[in-house]
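Structure assessment
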Amino acid sequence: MKDGRKYKIILSGGGTGGHIYPAVAVAEALRRKLGDRVELLFVGALGRMEMEKVPALGYRIEGLPVAGLQRRLSLTNLALPFKVARSVRRARRIIRRFGADAVAGFGGYASGPVLWSAQRMGIPTVIQEQNSHAGVTNKLLSRRAEKICVAYDGMERYFPADRIVRTGNPLRGSFGAAGSDKREAAGHFGLDPSRPVILVTGGSLGTRTLNEMMKQNIDRFAPAGGPQVIWQTGKYYEAEMDAFMEGRQAGNIWRGAFIDRMDLAYAAADVVVSRSGACTVSELCLVAKPVVFVPSPNVAEDHQTKNARALADKGAALLVHDREAVGKGIETALSLAMNPERCGELSRRIAALAIADSAYRVAELIMATLE
């Protein structure tokens, strides 16, 4: 990189937090490394969550009229080729007007037209794939990318092996095994640190399966002196779970729609029951907690099951399928919590998969294309 020059970098991706927040984490790393020598621009899909989330975090964003292919028969698919063509034309104008020196794609609808256009304009591109099963957009565009950043082994199944770099998934915030101790963390949730704590989390919106699992097993957390739970119901299910819990004994339960201190929730937990989205998996590797993954079946190409399987096959996590979770999930978690030796083994194995400086690794690969 030439001293004194200001570099202009586009970061593109979106549709879900799993695409947006890794891009934001890399943007933060680039700003820390380059300061006022870098100018950043995000490109997202009009009408998707990134168009609100990214500006709220202090970054500029422009939108494309692109949309994804509906997997069921739908008339909206007939308009898709026209939206893609319009998005490619607009992406070229954005790249030219901004004067981009490099483009990084993080998956999602918008990254396709932006990466495709940049590659044909002779602008270097870097791809970041969060999941163990590569997305269609990233697979199609990988052959012209300078580097492909991945979080899992075996990704040469999808990408040119000579361009793959295992960077892990960039995360915002601070996660690590050496966080708050259990006594402090359990106290934050009003729980007893001397007794087992299960963390059940389905994300900020919540998960029907995990909430039904808790409803079916709520009596396990009623006896005094018994196991405890931190239960994130999610905003979408908050009213329903409030109604269910009315009149029930809740002394061993912390329940909320949202957990504002996930670092303390992880520190308090002996075992975590969770979905297996890419960023969640990476967080759990960093905090080195024994985990029971319940992958969502309602995602493209069943990638959550593939993410969970990648860890389970290495003995670093347990996997309970969504269809079995209501009957087996809590039983599996409680049995694990009562087995310190097994918990220790899972913690050691999942910790071995953690990469703490992922955002900086991706940022450095982007910067290397500017030389």
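To start, this report covers the structure provided alongside it. (Residues numbered from 1 in each chain as written. Predicted model: local features only at pLDDT ≥ 70, side-chain atom pairs only at ≥ 80, totals over all residues. Heavy atoms only, no water.)

1. A word on the overall build of the protein chain
The criterion, for reference: Segments assigned H or I by DSSP are reported as helices when at least four residues long, segments assigned E as strands when at least two residues long, and all are numbered from the N terminus. Radius of gyration means the value over C-alpha atoms here, while the globule rule gives 2.2 Å times the residue count to the 0.38 power. Think of it in three bands: residues with accessible area under 20% of the maximum for their type are buried, residues over 50% are exposed, and the middle band is partly exposed, with areas taken using a 1.4 Å probe on protein chains only. Throughout, a residue-residue contact means that at least one pair of heavy atoms, one from each residue, lies within 4.5 Å. Note on areas: Shrake-Rupley, 1.4 Å probe, and residue coverage restricted to the protein chains presented here.
In terms of helices and strands, the protein chain carries 14 helices and 13 strands. A compact globule built from 371 residues should have a C-alpha radius of gyration of about 21 Å, and the protein chain, at 22 Å, falls within 12% of that. By principal-axis analysis of the C-alpha atoms, the protein chain measures approximately 65 × 50 × 35 Å. With 371 residues in all, the protein chain has 53% of them scored as buried. For the protein chain, contacts bridging at least 24 residues in sequence account for 65% of all contacts bridging at least 6. When the accessible area of the protein chain is evaluated, it comes to approximately 16600 Å², of which 50% is carbon and sulfur surface.

2. Comments concerning the sheet that holds strand E7 (residues 164-166)
Across a sheet, paired strands are connected by hydrogen bonds in the backbone, their directions being either parallel or antiparallel. Operational definition: Two strands qualify as a pair provided DSSP detects at least 2 bridges between them. A fitted line through C-alpha atoms serves as each axis, taken over the contacting stretch for helices, and the angle formed by two N-to-C directions is quoted from 0 to 180°.
Across the sheet, which stays open at both edges, the seven strands sit in the order E3-E2-E1-E4-E5-E6-E7 with parallel pairing between neighbours. Strands with a single pairing partner mark the edges of an open sheet, and in this sheet they are strand E3 (61-64) and E7. Between one strand axis and the next, the sheet turns by 25° as a mean value, whatever way the strands run. Relative to strand E5 (residues 125-129), strand E4 (residues 102-105) runs parallel, the two being bridged by three bridges. In the strand pairing of E5, Val-103 is matched with Thr-125.

3. Looking at helix H8 (residues 238-245)
Here is the rule we go by: As used here, the arc belongs to the directions running from the helix axis to the C-beta atoms.
Along H8, the residues classified as buried are Met-241, Phe-244 and Met-245. In a view along the axis of H8, the buried residues occupy a sector of 90°, so they form one face of it. Summarising the geometry of H8, the exposed residues directed more than 90 degrees from the buried face are Ala-239 and Ala-243. For H8, the elements touching its buried residues are helix H7 (208-216), strand E9 (228-232) and strand E10 (253-256). Looking one or two residues beyond H8, the residue adopting positive phi is Gly-247, at roughly 85°.

4. Observations regarding the packing of aromatic side chains
Keep this limit in mind: Aromatic pairing here means that ring centres of Phe, Tyr or Trp (its six-membered ring) are within 6.5 Å. Orientation follows from the plane angle: under 30 degrees is stacked, over 60 is edge-to-face, and everything else is tilted. Two conditions define a charge located above a ring, namely a distance within 6 Å from the ring centre to NZ of Lys or CZ of Arg, and an angle within 35 degrees of the ring normal.
Overall, the coordinates contain four aromatic pairs when judged by the stated rule. Measuring from centroid to centroid gives 5.2 Å for Phe-189 and Trp-254, while their planes differ by 80°, and the two rings are edge-to-face. Within this pair, whereas Phe-189 is found in the loop between helix H6 (182-188) and strand E8 (197-201), its partner Trp-254 is found in strand E10, the two being separated by 65 residues in sequence. Here Trp-254 falls in the partly exposed class, since its relative accessible area comes to 22%. Between Lys-8 and the ring centre of Phe-98, over which it is positioned, the NZ or CZ distance is 5.6 Å.

5. A look at the environment of Asp-219
Within the secondary structure layout, Asp-219 lies in the loop between H7 and E9. Along the primary structure Asp-219 and Ile-123 are separated by 96 residues, whereas in three dimensions their C-alpha atoms are 59 Å apart.

6. Topic: helix H12 (residues 322-337)
Spelled out, the test is: To get the bend at any residue, fit one axis to the seven residues that end at it and another to the seven that begin at it, then take the angle between the two axes.
Lys-328 marks where H12 bends most, by close to 65°. Asp-322, Ala-325, Gly-329, Ile-330, Thr-332, Ala-333, Leu-334, Leu-336 and Ala-337 are the residues of H12 that are buried. Looking at the buried residues of H12, the elements they touch are E8, H7, strand E11 (271-274), strand E12 (291-293), strand E13 (318-319) and helix H13 (340-351).

7. Notes on the side chain of Gln-304
Among the secondary structure elements, Gln-304 is positioned in helix H11 (residues 303-312). With sequence-adjacent residues up to four places away left out, Gln-304 is seen in contact with Arg-275, Ser-276, Gly-277, Pro-295, Ser-296 and Val-299.

8. As for the sheet that holds E9
The six strands are arranged E10-E9-E8-E11-E12-E13 in an open sheet whose pairing can be described as parallel. The open sheet has two free edges, formed respectively by E10 and E13, since each of these has just one partner strand. Of the strand pairs in this sheet, E9 and E10 are connected by four bridges, and their pairing is parallel. For Gln-232, the partnering residue across the bridge sits in E10 and is Gly-256.

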